[in-house]
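# Reading the structure
What follows is each chain in one-letter form.
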Amino acid sequence: MLAGEVYSAVDPVLLSELMETREKIHDYNSLRPSETQKMKELLKELLGHIGDDEVIINQPFRCDYGKQISVGKRFFANFNFTVLDEAYVTIGDDCFIGPNVSIYTACHSTDAVRRNSRQEWAKPVNIGNNVWIGGSVTILPGVSIGDNVSIGAGSVVVNDIPSNTVAVGNPCKVIKRL
């Protein structure tokens, strides 16, 4: 799966890992907002890497495995952050994520018979440093976003976005160079 090869989405080992993560996510999302220390401890268990203790992910948060997610220093994600991390998702330092943002790495065939076989593959997502992602943005598998980028609210990011730009739309396109 992490190598980008086709895998079975119903593999018993993967399903077991998904269930284990969902239990931790349930615990995380059930904490009182004032239980910030417990939140930080659970995030350290869930995610593959956390840059520092200034990482904040508002509840509710959803992910598939968690351990394929790496966030840098001073990371902030608002409500309803969803990461389908069948491949690695790497997010740099000083990144801010608006509400209702989704990052997807899982890929499915457009052929119904192949899709129904539950065979899929995944492509990593990379997000640089100093990136702002507006509310309700969707980032698709295999996308890289450079440093110092702002992505406008509601955008669907289907292709790479270069550093030092502002990009918006569906599909998301660069509208300004910084």
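Notes on the structure in this doc start here. (Residues numbered from 1 in each chain as written. Predicted model: local features only at pLDDT ≥ 70, side-chain atom pairs only at ≥ 80, totals over all residues. Heavy atoms only, no water.)

### A look at the layout of surface pockets
If a probe the size of a water molecule is rolled over the atoms, the empty space left behind becomes visible. Approximately 170 Å³ is the volume found for the largest pocket. Lining of the largest pocket is provided by Tyr 28, Pro 33, Thr 36, Met 39, Lys 40, Leu 43, Val 55, Ile 56, Ile 57, Asn 58, Gln 59 and Phe 79. Those elements giving two or more residues to the lining of the largest pocket turn out to be helix H2 (36-46) and strand S3 (56-57). Ranked by residue count, the leading element in the lining of the largest pocket is H2, at four residues. (1 Å grid on protein atoms, 1.4 Å probe; cavity = no way out; pocket = protein on both sides within 12 Å on 5 of 7 lines; lining within 4 Å. Points joined across faces, edges and corners; volume = space filled by probe spheres on them. Helix = DSSP H or I, 4+ residues; strand = E, 2+ residues; numbered from the N terminus.)

### A word on the sheet that holds strand S4 (residues 61-63)
Spatially, five strands are ordered S4-S7-S10-S15-S18 in an open sheet, and the strand pairing comes out parallel. This sheet does not close on itself; its edge strands, each paired only once, are S4 and strand S18 (156-157). Note: strand S7 (residues 81-84) against strand S10 (residues 102-104), three bridges, orientation parallel. What sits directly across from Thr 82, in S10, is Ser 102. (Pairing = 2+ DSSP bridges.)

### Focus on a negative patch on the surface
Where like charges cluster on the molecular surface, the negative patch consists of Glu 23, Asp 27, Glu 41 and Glu 45. Where the negative patch is concerned, the elements lending two or more residues are helix H1 (12-30) and H2. Structurally, Glu 41 is set in helix H2. (Patch = residues over 30% accessible without salt bridge, like charges linked within 9 Å, V, L, I, M, F, W, Y side chains within 5 Å. Areas by Shrake-Rupley, 256 points an atom, 1.4 Å probe, with all protein chains shown as cover. Salt bridge = Lys/Arg side-chain N within 4 Å of Asp/Glu carboxyl O. Lys, Arg positive; Asp, Glu negative; His and termini not counted. Charge placed at Lys NZ, Arg CZ, Asp CG, Glu CD.)

### Re unusual backbone geometry
In this structure, the amide linkage connecting Gln 59 to the following residue, Pro 60, adopts the cis form with an omega of -5°. Mapped onto the elements, Pro 60 comes out in the loop between S3 and S4. Even without being glycine, Asn 130 reaches a positive phi, approximately 60°. In this structure, Asn 130 sits in the loop between strand S13 (125-127) and strand S14 (132-133). For Asn 130, a relative accessible area of 40% corresponds to the partly exposed category. With a phi angle near 60°, Asn 164 is a residue other than glycine that sits in the positive phi range. Checked against the element boundaries, Asn 164 lands in the loop between S18 and strand S19 (165-169). (Buried < 20%, exposed > 50% of the residue type's maximum accessible area, 1.4 Å probe, protein only.)

### Some details on the pattern of salt bridges
Tallied over the full model, the rule gives four salt bridges. For Lys 67, the salt bridge goes to Glu 17, with nearest N and O atoms at 3.0 Å. In this pair, Lys 67 sits in the loop between S4 and strand S5 (69-71) while Glu 17 sits in helix H1, placing the two residues 50 residues apart along the sequence. Classification of Lys 67 by relative accessible area gives partly exposed; the value is 45%. A salt bridge links Lys 38 to Glu 35; the shortest N-O distance between them is 3.2 Å. On the accessibility criterion, Glu 35 (22% relative accessible area) is partly exposed.

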